[in-house]
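Structural overview
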Amino acid sequence: QVQLVESGGGLVQPGGSLRLSCAASGSITRLYDMGWYRQAPGKQRELVARITRGGNTNYADSVKGRFTISRDNAKNMVYLQMNSLKAEDTAVYYCNQCLGWSPNGLYAWGQGTLVTVSA
């Protein structure tokens, strides 16, 4: 089994920044495409950023230019730098190994980390 633990969320004012971390552990041979997902209240989970093992990245239009995904393969860590945060970024953020560009992940979901953007 693979365990995913997200951290780094919190309350931030509009225009602020946060850096999220995701630690993967357990029965991992290697992690392939990894992504950050989010689920806002009353909405479906969505994939907002994806990174290949080689470092190629893709972003949802809603976060492009503001969020940056990165990874450390040696440590099985994935990060999300979020800048210029907006109220609409408020959500629980999760990481997972991607299944294409879909809201589904390969492994069981972790507990997520809550990001609240509010004045």
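The preceding data block contains the structure.
What comes next concerns the included structure. (Residues numbered from 1 in each chain as written. Predicted model: local features only at pLDDT ≥ 70, side-chain atom pairs only at ≥ 80, totals over all residues. Heavy atoms only, no water.)

1. Brief notes about the state of the cysteines
- Applying the stated criterion across every chain yields a total of one disulfide.
- Residue Cys 22 pairs covalently with Cys 95 via a disulfide, S to S 1.8 Å. Between Cys 22 and Cys 95 the disulfide shows an S-S torsion of about 55°. By sign, it is right-handed. Of this pair, Cys 22 sits in strand 3 (residues 18-26) while Cys 95 sits in strand 9 (residues 91-97), placing them 73 residues apart in sequence.
- Take Cys 22: its relative accessible area is 0%, and that puts it in the buried class.
- The buried category is assigned to Cys 95, whose relative accessible area is 0%.
- Unpaired in this structure, Cys 98 has its nearest cysteine sulfur neighbour in Cys 95, at a distance of 9.8 Å. (Disulfide = S-S within 2.5 Å. Helix = DSSP H or I, 4+ residues; strand = E, 2+ residues; numbered from the N terminus. Buried < 20%, exposed > 50% of the residue type's maximum accessible area, 1.4 Å probe, protein only.)

2. Some thoughts on the packing of aromatic side chains
- Within this structure, the stated rule accounts for two aromatic pairs.
- Relative to Trp 109, the ring of Tyr 37 lies with its centre 4.9 Å away and its plane at 85°, an arrangement referred to as edge-to-face. Note that Tyr 37 is positioned in strand 4 (residues 34-39) and Trp 109 in the loop between strand 9 and strand 10 (113-117), a separation of 72 residues in sequence.
- Summarising the aromatic geometry, the rings of Tyr 94 and Trp 109 are spaced 5.7 Å apart at their centres and angled 70° between planes, so their arrangement reads as edge-to-face. Of this pair, Tyr 94 sits in strand 9 while Trp 109 is found in the loop between strand 9 and strand 10, placing the two residues 15 residues apart along the sequence.
- For Tyr 94, a relative accessible area of 11% corresponds to the buried category.
- Given a relative accessible area of 28%, Trp 109 falls into the partly exposed group.
- A network of ring pairs unites the aromatic residues Tyr 37, Tyr 94 and Trp 109 as a single cluster.
- A cation over a ring is seen here: Arg 19 above Tyr 79, with NZ or CZ 4.1 Å from the ring centre. (Phe/Tyr/Trp six-rings, centres within 6.5 Å; stacked < 30°, edge-to-face > 60°. Lys NZ or Arg CZ within 6 Å of the ring centre and 35° of its normal.)

3. So, the sheet that holds strand 7 (residues 67-72)
- The strand order 1-3-8-7 describes an open sheet built from four strands, whose pairing is antiparallel. Taken across any chain shown, the strands that pair with only one partner, and hence form the sheet edges, are strand 1 (2-7) and strand 7. When the angles between neighbouring strand axes are averaged without regard to direction, this sheet yields 15°.
- Pairing between strand 3 and strand 8 (residues 77-82): six bridges, direction antiparallel. Of the residues in strand 8, the one forming a bridge with Arg 19 is Gln 81. (Pairing = 2+ DSSP bridges. Axes fitted to C-alpha atoms, helices over the stretch in contact; angles between N-to-C directions.)

4. So, the pairing of strand 4
- In terms of residue burial, strand 4 counts as a mostly covered element, since five of its six residues are buried.
- The pairing of strand 4 with strand 5 (residues 46-51) spans five bridges and is antiparallel. Paired with Gly 35 across the two strands is Arg 50, which belongs to strand 5.
- Adjacent in sequence and paired antiparallel, strand 4 and strand 5 are bridged by six residues, among which Gly 42 carries a positive phi angle near 75°.

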